[in-house]
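Architecture and fold: a report
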Number of protein chains: 2
Amino acid sequence: MAEFMTETTQSEQRSPAVPRPGAAGDARGGTGRPEQEQRAPDGDGTEPAEGQEALALLERTRALVDPELRAALESLPGSMRRIALYHFGWQNADGTSAAGNAGKAIRPALVLAAAEALGGPAARAAAVGAAVAVELVHNFTLLHDDVMDRDTSRRHQPTAWTVFGDTDAILAGDTLLALALRLLAEDAHPAGGPAAARLANCVVELCAGEHTDTDMEHRAPDEVTLDEVLAMAEAKTGALLGCACALGALYAGAGPEEVAALDGFGRQVGLAFQLIDDVIGIWGDPERTGKPAGADLAARKKSLPVVAALTSGTEAAAELAELYGKPYVAGDAEGIARTALAVERAGGRDWAQAEAADRMARVMQELARAVPDPEAAGGLLALAEFVTRRSS
Amino acid sequence: MAEFMTETTQSEQRSPAVPRPGAAGDARGGTGRPEQEQRAPDGDGTEPAEGQEALALLERTRALVDPELRAALESLPGSMRRIALYHFGWQNADGTSAAGNAGKAIRPALVLAAAEALGGPAARAAAVGAAVAVELVHNFTLLHDDVMDRDTSRRHQPTAWTVFGDTDAILAGDTLLALALRLLAEDAHPAGGPAAARLANCVVELCAGEHTDTDMEHRAPDEVTLDEVLAMAEAKTGALLGCACALGALYAGAGPEEVAALDGFGRQVGLAFQLIDDVIGIWGDPERTGKPAGADLAARKKSLPVVAALTSGTEAAAELAELYGKPYVAGDAEGIARTALAVERAGGRDWAQAEAADRMARVMQELARAVPDPEAAGGLLALAEFVTRRSS
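One numbering rule holds for all chains: residues counted from 1, following each sequence as written. For this description, chains carry letters from A and ligands carry numbers from 1, given in the order in which they are written. Side-chain atom pairs in this predicted model are given and counted only at pLDDT of 80 or more, local residue features only at pLDDT of at least 70, and totals for whole chains, interfaces and linings cover all residues. In computing side-chain values, all of the structure's heavy atoms are included and hydrogens and water are not.

Our focus in this paragraph is the overall build of chain A. Elements are defined by DSSP. Helices are runs of H or I of four residues or more, strands are runs of E of two residues or more, and each kind is numbered from the N terminus. If you tally the helices and strands in chain A, you get 18 helices and two strands. Per-residue accessibility, obtained with a 1.4 Å probe over protein chains only, is compared with the maximum for each type, and a residue is labelled buried under 20%, exposed over 50%, and partly exposed between these values. Taking all 392 residues of chain A together, 59% fall into the buried category. Surface summary for chain A: the accessible area is close to 14100 Å², and the carbon and sulfur share equals 52%. Note on areas: Shrake-Rupley, 1.4 Å probe, and residue coverage restricted to the protein chains presented here.

Right under this line is the structure:
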């Protein structure tokens, strides 16, 4: 579903982000300048230590999670094993070994960081299976979403359905979902059962979010409300990040309040990410996003800034509605520029940036509620900033 | 996957079956007479009491399971709830109420019968949630299989994907799977966790079976072995019946041996059913099956009797391979008759009937191993006979 940990490479994500809490200048917007100009330059920017901490956490996560993840995949019947290993980048389509590009492991890293923040190294060690389960569920959604969205590329290789067909990609997704819940249900740790129930419930939410997302594509722009898009983004992107953190808390033996706070923390991280991603989808620098300028506008995507603009009741909203009512004509750069300006004049950009800053403030609140000790909270904070700090 | 409890109506299934253990005459075959002529007539045939017992068990199962099943579906987010209620026949496509035709509930009946056989009424009451979970998993497979097989009709109504589209049918299937495993993981009963793990593992097997089934369709007849088709039938049809019985045993607090024996019982019931179903698919009376004569042969289906024939090394096997190598020409009744005769002359029909009788013998053995008291085993036996006793 959310693709921030899968499609981009680490170096693409190392640059500092907009907007962030405290960086009020970023949220003012309305200058018409490309988003990138407001950002610090690429590379080891303003806070190298934090970026490095997240990268180190992700690397450690892969080292802990990959052996168990691979063992779980190797336990599958041959046909499904082959598709799964291909999807994770560990095998080529012909079954030969591949170097592997199984994604950044943000979600398993959140599981382990949450467990460690509340229960130290022992909890982190106990939570590795839960981290594997969350990663399996994430990949179940990717396999099915790629079929449903007809996406042909994932992690720099052809998607599973393009190689093995729809049927096998659907079955492989089903298999990963069942495997994930089996791992938790089999876990002798007292958190295993509650974690399985919570992850299964999260899958129900993920599916509802994906339904809303595809459904909204077929509706007229004025038939979509801002609350609906926010709820969809929370279900599709926030829910699994929240669940990852909650599972880590469960494995640390945390109480319901801490579990809920960490769930909220992850959800707000997901929403902040989505808001920023949507801003970049309109005003991002094509050279850095790798997509044509205003790609989301050309696709008439009902992203958060667009729906905020459309529902603003302004004159620019009416203009935007008219522009969005007509299909995009290939190469019409002027039309895209007018559309972007209409979103901006209707307040869509300002709203999205302020909302992202607000979500990041809530991220901090939830984190402080769950993990009062700033040192213990460091890993989770670093991961939150890593997810929301991107330039492409 | 297996459709014996969903597509046919109760009255269609009340007639006595072939082949059954002890009914050696059925297994001799080779007479060329239509299968139906060897059977007892329709209606309340040779053993009315047993058929009645199974029907009473199924009715009681629906009464126990449906309220919890509906409550579970009602707990889903609106979009998925709507598709699920439609699929179960409780709502029309427009969201209005419908009388409902949620299938025969064979699998939940097996859960409850197994629990009662080993643990009495208390175990049966405790196992209702597990019965719901098994029914949800069965319906998850139906939703996805209908998408993958492009089947347009299910339980006398258009399939979900034809009404709501592929995406929503896939998502609704995912949702039912997650819901099923959530119900078990949330269950405070000590069997909840082991049952969730076992059911999740069964889903992995179901998916592998479905993969093999669709994969075999694309292979040449001489590239399919009999062991492969038997393994596929066990995975696709036997695994969930076995799991249903095993879950009932778990909720009765049974030990590993009894659980394994009941799993084996259910698997052998599934295989016996599949063998009989495949015989009917070739030699069944069109007036009673509702399908054209030899429909499976026209579709060049690699059913168990056909593969047994093809791999028999006989002269008729070579003839059959040649006939199967060419596509069916619509209306070629003579070609179908020749093909059916080739399967029979190559021993495919004899083999399938003997094999079905052998499976039914194993059904009895496994049942006696798990439930030595014949009176306690009565419900499970009645259900096994109900499943394998059909005429269409």
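Having seen the model, we can carry on.
Let us look at helix α8 (residues 166-186) of chain B. Expected helix span is computed as 1.5 Å times (number of residues minus one). An ideal rise of 1.5 Å per residue puts 30 Å on 21 residues; α8(B) measures up with 30 Å between its terminal C-alpha atoms. Of all 21 residues making up α8(B), 18 are buried, and the element is well covered by its neighbours.

Residues and elements named next belong to chain B. The angle between two axes is taken between their N-to-C directions and runs from 0 to 180 degrees, where each axis is a line fitted to C-alpha atoms and a helix contributes only its stretch in contact. Where helix α9 (residues 192-217) contacts helix α10 (residues 226-251), the two axes come as close as 8 Å, and the packing angle between them is 165°. It follows that α9 is roughly antiparallel to α10 by the angle criterion. Of the two possible hands of crossing, α9 and α10 adopt the one that is left-handed. Classifying every residue of the contact of α9 with α10 gives 16 nonpolar, three polar and six charged. Comment on the angle field: the value is read as roughly parallel under 35 degrees, roughly antiparallel over 145, roughly perpendicular from 65 to 115, and oblique elsewhere. Handedness of each helix crossing follows the sense of rotation of the near helix against the far helix: counterclockwise by less than a right angle gives left-handed, clockwise gives right-handed. Polar here means any residue other than Ala, Val, Leu, Ile, Met, Phe, Trp, Tyr, Cys and Pro, which are nonpolar, and Asp, Glu, Lys and Arg, which are charged; Gly is therefore polar.

Another point: the relation of the copies chain B and chain A. All copies are superposed by least squares; the fitting set is the C-alpha atoms of residues with a pLDDT of at least 70 in both. When chain B is fitted to chain A, the residual RMSD is 0.1 Å, and the transformation amounts to a turn of 180° plus an axial shift of 0.0 Å. Viewed as a symmetry operation, the transformation between the two copies matches a two-fold axis. Among all residues of chain B, the one whose C-alpha sits closest to the rotation axis is B:G193, at a distance of 3.1 Å. The contact rule is simple, with two residues in contact once any of their heavy atoms fall within 4.5 Å. Here 100% of the interface residues in chain B have copies in chain A that are interface residues too; the copies meet face to matching face.

Below, the discussion takes up the state of the cysteines. Here, two cysteine sulfur atoms that lie within 2.5 Å of each other are counted as a disulfide. This structure, assessed with the given rule, holds zero disulfides over all chains. Among the cysteines around B:C243, which has no disulfide bond, B:C202 carries the closest sulfur, lying 4.3 Å off.

The salt bridge definition used is simple: a Lys or Arg side-chain nitrogen within 4 Å of an Asp or Glu carboxyl oxygen. What the rule picks out here adds up to 51 salt bridges over all chains. Where A:K301 meets A:D296, a salt bridge forms, and the shortest distance between an N and an O atom there is 3.7 Å. The exposure class of A:K301 is partly exposed, given its relative accessible area of 35%. Residue classification places A:D296 among the buried residues on the basis of a relative accessible area of 10%. One salt bridge connects B:R338 with B:E319, and the closest N-O pair in it is separated by 3.8 Å. Of the two residues, B:R338 is situated in helix α16 (residues 333-345) and B:E319 in helix α15 (residues 315-325); the sequence distance between them amounts to 19 residues. For B:R338, a relative accessible area of 42% translates into the label partly exposed.

Moving on, we get to unusual backbone geometry. For A:R300, which is not glycine, the phi dihedral falls at a positive 55°. Note on A:R300: relative accessible area 18%, which makes it buried. One non-glycine residue, B:R155, lies in positive phi territory at about 50°. Turning to its location among the elements, B:R155 is positioned in the loop between β1 (153-154) and β2 (157-158).

Per-residue confidence for chain A gives a mean pLDDT of 87; residues scoring 70 or more make up 86%. pLDDT gives the predictor's per-residue confidence on a scale running from 0 to 100. Scored below 50 in pLDDT, residues 1-47 of chain A makes 124 contacts in the model with residues more than four places away or belonging to other chains.

Moving on to the side chain of A:Q91. Its location among the elements puts A:Q91 in the loop between α4 (78-87) and α5 (106-126). Ignoring sequence-local partners within four residues, the contact set of A:Q91 consists of A:R82, A:L85, A:Y86, A:T96, A:S97 and A:A98.

Bringing the packing of helix α6 (residues 128-149) of chain B against α10(B) into the picture now. All names here are of chain B. Packing of α6 against α10 leaves a shortest axis separation of 10 Å and a crossing angle of 165°. Overall, the two elements α6 and α10 adopt an arrangement that is roughly antiparallel. Regarding α6 and α10, the two cross each other, and that crossing is right-handed. Across the interface between the two elements, A130, V134, V137 and H138 from α6 touch L240, A244, L247 and Y251 from α10. Residue classes in the contact of α6 with α10 are distributed as seven nonpolar, one polar and no charged.

Okay, the interface of chain B and chain A next. Facing 33 residues of chain B, the contacting portion of chain A comprises 33 residues. Surface buried jointly by chain B and chain A totals about 2700 Å² across both partners, of which 76% is contributed by carbon and sulfur atoms. On the chain B side of the interface with chain A, the three residues burying the most area are B:M148, B:V204 and B:H211, jointly 19% of the side's total. Think of a polar contact as two N or O atoms within 3.5 Å of one another; within protein, one of them needs to be a possible hydrogen donor and the other a possible acceptor, and neighboring residues in sequence only count if both atoms come from side chains. Applying the counting criterion to the chain B and chain A interface returns six residue pairs in polar contact (both at pLDDT 80 or more). Buried area is understood as the total, over both parts, of accessible area removed when two parts are fitted together, assessed with a 1.4 Å probe.

A word on the side chain of A:R154. Mapped onto the secondary structure, A:R154 falls in strand β1 (residues 153-154). Polar contacts involving the side chain of A:R154 include one to the side chain of A:D146, which spans 2.7 Å.

Moving on to the packing of aromatic side chains. All names here are of chain A. The aromatic pairing rule takes the rings of Phe, Tyr and Trp, using the six-membered ring of Trp, and pairs them if the centres are within 6.5 Å, calling planes under 30 degrees apart stacked, those over 60 edge-to-face and the rest tilted. Counted under the stated rule, the structure contains four aromatic pairs over all chains. Geometrically, the ring pair formed by F88 and W90 is stacked, given 5.7 Å between the ring centres and 15° between the ring planes. The rule for a charge over a ring is simple: NZ of Lys or CZ of Arg within 6 Å of the ring centre, and within 35 degrees of the ring normal. A cation sits over an aromatic face here: R150 above W161, 3.9 Å from the ring centre.

Residues and elements named next belong to chain B. With respect to the helices, strands and loops of the structure, K301 is situated in the loop between α13 (295-298) and α14 (304-310). On a C-alpha basis, the gap between K301 and P221 in space is 9.2 Å, while along the polypeptide they are 80 residues apart. Apart from the residues lying within four places of it in its own chain, the contact partners of K301 are D278, D296, V306 and Y324.

A few words now on helix α4 (residues 78-87) of chain B. Residues that lie three or four places apart on an α-helix share one face, since the helix turns once every 3.6 residues. Taken together, the buried positions of α4(B) are occupied by B:M80, B:I83, B:A84, B:L85, B:Y86 and B:H87. B:G89 sits one or two residues past α4(B) and shows a positive phi near 80°.

Residues and elements named next belong to chain B. Here V269 shows up in helix α11 (residues 256-283). Between the C-alpha atoms of V269 and R359, which are 90 residues apart in sequence, the distance is 7.1 Å. Setting aside chain neighbours within four positions, we find V269 in contact with L241, V363, A384, V387 and T388.

What follows is about the environment of B:Q365. By the element assignment, B:Q365 lies in helix α17 (residues 348-370). By relative accessible area, which is 54% here, B:Q365 ends up exposed.

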